[in-house]
Amino acid sequence: MSELRLGVNIDHVATVRNARGSGYPDPVRAALLAAQAGAGGITAHLREDRRHITDADIARLAAELTVPLNLEMAATDEMLAIALRHRPHAACIVPEKREERTTEGGLDARGQHDLLAPMCAELRNANIRVSLFIEPDPAQIEAALRLGAPVVELHTGRYCELEGEARTAELRRIADAAALAAKNGIEVHAGHGLTFDNVVPIAAIPQVRELNIGHFLIGEAIFDGLGPVVKRMRALMDAAR
Ligand SMILES: CC(=O)[C@@H](O)[C@H](O)COP(=O)(O)O
Ligand SMILES: NCC(=O)COP(=O)(O)O
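Counting restarts for each chain, with residues numbered from 1 along the sequence as it is written. Naming scheme: in the order in which they are written, chains are lettered from A and ligands are numbered from 1. Two thresholds apply to this predicted model, a pLDDT of at least 70 for residue-level local features and 80 or more for giving and counting side-chain atom pairs, whereas whole-chain, interface and lining totals are computed over all residues. Hydrogens and waters are ignored; side-chain quantities use all the structure's heavy atoms.

J.: Could you give an account of the site of ligand 2, with specific residues and numbers?
T.: Taken together, Asn9, Thr43, Glu72, Phe133, Glu153, Gly191, His192, Gly193, Asn212, Ile213, Gly214 and His215 form the complete shell of residues around ligand 2. Gly193 is positioned such that a nitrogen or oxygen atom in its backbone is 2.8 Å from an oxygen atom of ligand 2. Pairing of N or O atoms within 3.5 Å defines a polar contact, subject to two protein rules: one partner must be a possible hydrogen donor and the other a possible acceptor, and residues neighboring in sequence count only if both atoms are side-chain atoms. At 2.8 Å, a backbone N or O of His215 approaches an oxygen atom of ligand 2. Computed on the free molecule, ligand 2 has an accessible area of 310 Å², of which 91% lies beneath the protein chains in the complex. Each residue gets one of three labels, nonpolar for Ala, Val, Leu, Ile, Met, Phe, Trp, Tyr, Cys and Pro, charged for Asp, Glu, Lys and Arg, and polar for the others, Gly among them. Of the residues contributing to the shell around ligand 2, the split by class is two nonpolar, eight polar and two charged. The near set for a molecule or strand comprises every residue that places at least one heavy atom within 4 Å of it. In this description, accessible areas are obtained by the Shrake-Rupley approach with a 1.4 Å probe, and a residue is regarded as covered only by the protein chains that are shown.

J.: Requested: an account of the side chain of His189, with residues and values cited.
T.: The way it works is that DSSP assigns letters per residue, a run of H or I at least four long becomes a helix, a run of E at least two long becomes a strand, and they are numbered from the N terminus. Positionally, His189 belongs in strand β7 (residues 187–191). To sort residues, take the accessible area from a 1.4 Å probe on protein chains only and compare it with the maximum for the residue type: under 20% means buried, over 50% means exposed, and anything in between is partly exposed. Since its relative accessible area comes to 1%, His189 is described here as buried. At a separation of 2.6 Å, a polar atom in the side chain of His189 contacts the side chain of Glu187. Each residue touching His189, except ones within four places of it in the same chain, is listed here: Arg5, Arg129, Val151, Val152, Glu153, Leu154, Arg209, Glu210 and Asn212. Any pair of residues with heavy atoms lying within 4.5 Å of one another is described as a contacting pair.

J.: Let's hear about the site of ligand 1: which residues, and what values?
T.: In the vicinity of ligand 1, the contacting residues are Asn9, Asp11, His12, His45, Arg47, His52, Glu72, Val94, Thr102, Thr103, Phe133 and His192. A distance of 3.2 Å is found between an oxygen atom of ligand 1 and a side-chain nitrogen or oxygen belonging to His12. One of the side-chain N or O atoms of Glu72 is found 2.6 Å from an oxygen atom in ligand 1.

Spatial relationships are all this shows, so hold off on functional conclusions.
Below is the structure:
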């Protein structure tokens, strides 16, 4: 069974930090702690409105991290320039609306091919691994293939929100999309909304190579500490394989 990495998203450490406009708590310190506890990578979403992660956070993460940085970014010239400046290990292109509370769905890689193609090429030429945050939809997998994206991250938000048979059906859709992507040589990641209670069926999908998890882990860290909750999530993922 393939390796399954845990990417810890530290956006909401910055949410707490920004509540007072000081430097505490430091997202970079959280990232280093998460790495020590078993995170195989760190994800940070530099949003257009900088509601949490800031440009300075990205600069420090790029300079100080001991594990790969996965920069989540909207498909804009501004974010492309920032990615090319800091050269993270990876860039995950995500849809973004200022009015959204959090990411609400996957990127329309199919409908935005002409916008995304030059951006993916520039990132690839800069040796930044491109990932597309998409719905578990065969048409979006095919679009990622056309764009030459080496990685897709399947949106698990709907799976996390559903219950019963509807959740089972969404899990099947994710598993089918993972199998289709892997069969076409695309590395499969998954994320959004994952918790201790819902992670195991996603971690058990054999083609999934990385889970990106943030909000829940940072919330749990308030009660049990970041190191212990990262270790527990790591253990659940290991047990699922
Ligand atoms: C793309 C995704 O699901 C998350 O990584 C994203 O960062 C969510 O946005 P917030 O972190 O602002 O909630
Ligand atoms: N791409 C998903 C991610 O990085 C974390 O999403 P969430 O766990 O904060 O919902």
